[in-house]
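# Coordinate analysis (summary)
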Amino acid sequence: MASDSRERMVRSAAYLLREHGYSGTAFSDVIAHSGAPRGSIYHHFPGGKEQLAEEAVRYAGDFVAAGVRAATRDDDPVAAVRAFSGWWRRVLVDSDFRAGCPIVAVITESRLADAAAAAFRRWQDALAAGLVSAGATPERAARVATLVTASAEGATLLCRARRSLEPFDDVVAELEDLIASACEKG
């Protein structure tokens, strides 16, 4: 039961960070969103808001990386990019373009930059592994994985600003062509 409350709070923090950012997310918001008992947040996160945010970033990194790994099981890196971009599309549409990336929300907090970098690295590693298994060289796979991650983050910001999925659709179409080329040529 206690670990369930803790897990709900971490997931809620990740969700709230996407929409409100680090400064705009308070413990009281996390408690209300997660339905966890008020006293449990201090018990589970003695390091305060920074600890909770760091764990929410770790959760977001693991969650998305797991989805990418699952999508690459058939050695189809384009399917992995579609899964990655599909997740972002759902976040944008379901939030009416208010939510972005919880990792980006904390990146400006210098104490949390290491957690953000590690989460992005998990995404890139998962994407690169799928590219390598489909025939890309490790070096090219790493570069393309960085491009996919950076492109998804940038497209997400453009979508939020325009309140449209058009930037995301354009980026994904170009990435799919690039990935097919990377795997053909190695």
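Residues numbered from 1 in each chain as written. Predicted model: local features only at pLDDT ≥ 70, side-chain atom pairs only at ≥ 80, totals over all residues. Heavy atoms only, no water.

### Looking at unusual backbone geometry
The criterion, for reference: Only DSSP runs of H or I with at least four residues qualify as helices, and only runs of E with at least two residues qualify as strands; both kinds are numbered from the N terminus onward. When accessible area is computed with a 1.4 Å probe and restricted to protein chains, residues below 20% of their type maximum are described as buried, those above 50% as exposed, and intermediate ones as partly exposed.
Unusually for a residue other than glycine, Phe-97 sits at a positive phi of about 70 degrees. Tracing the chain through its elements places Phe-97 in the loop between helix H5 (77–94) and helix H6 (102–107). Since its relative accessible area comes to 13%, Phe-97 is described here as buried. A positive phi angle, near 55 degrees, is found at Arg-163, a position not held by glycine. Along the chain, Arg-163 turns up in the loop between helix H8 (138–162) and helix H9 (166–185). Given the relative accessible area of 45%, Arg-163 is considered partly exposed.

### Looking at the nonpolar core
Quick note on the threshold: Residues belong to one nonpolar core when they are buried, are Ala, Val, Leu, Ile, Met, Phe, Trp, Tyr or Cys, and are joined through side-chain atoms within 4.5 Å. Only heavy atoms enter the contact rule, under which two residues are in contact if any of them lie within 4.5 Å.
With 59 residues, the main nonpolar core has Trp-88, Ile-103 and Trp-123 as its most contacted residues. When contributions to this core are tallied by element, the ones reaching two or more residues are helix H1 (2–20), helix H2 (27–34), helix H4 (48–71), H5, H6, helix H7 (113–133), H8 and H9. Per-element accounting of this core gives the leading share, 9 residues, to H7. Ignoring sequence-local partners within four residues, the contact set of Trp-123 consists of Ala-60, Gly-61, Val-64, Ala-65, Phe-84, Trp-88, Cys-101, Ile-103, Thr-149 and Glu-153.

### As for the environment of Gly-86
Among the secondary structure elements, Gly-86 is positioned in helix H5. Along the backbone, Gly-86 and Asp-169 are 83 residues apart, and their C-alpha atoms lie at a distance of 10.0 Å.

### Looking at the layout of surface pockets
Gaps between atoms show up when a probe of the same size as a water molecule is rolled over them. Stated formally: For each structure, a 1 Å grid was placed over the protein atoms alone; sets of points admitting a 1.4 Å probe that cannot get out are labelled cavities, open sets with protein on both sides within 12 Å along at least five of seven lines are labelled pockets, and lining residues have an atom within 4 Å of a point. Grid points are joined across faces, edges and corners, and a volume is the space filled by probe spheres set on the points. Classification convention: Asp, Glu, Lys, Arg as charged; Ala, Val, Leu, Ile, Met, Phe, Trp, Tyr, Cys, Pro as nonpolar; all other residues, Gly among them, as polar.
Taken as a whole, the largest pocket encloses approximately 170 Å³ of empty space. Lining the largest pocket are Arg-11, Ala-14, Tyr-15, Arg-18, Tyr-59, Ala-60, Phe-63, Trp-87 and Pro-102. Classifying every residue of the lining of the largest pocket gives 7 nonpolar, no polar and 2 charged.

### Quick word on the pattern of salt bridges
Definition in use: Take a side-chain nitrogen of Lys or Arg and a carboxyl oxygen of Asp or Glu: if they are within 4 Å of each other, that pair is a salt bridge.
Tallying each qualifying case throughout the model produces 11 salt bridges. In this structure, the salt-bridge partner of Arg-111 is Glu-50, at a minimum N-O distance of 2.6 Å. With a gap of 61 residues between them, Arg-111 in the loop between H6 and H7 and Glu-50 in helix H4 connect regions that are remote in the sequence. Residue class for Glu-50 comes out partly exposed when judged on its relative accessible area of 26%.

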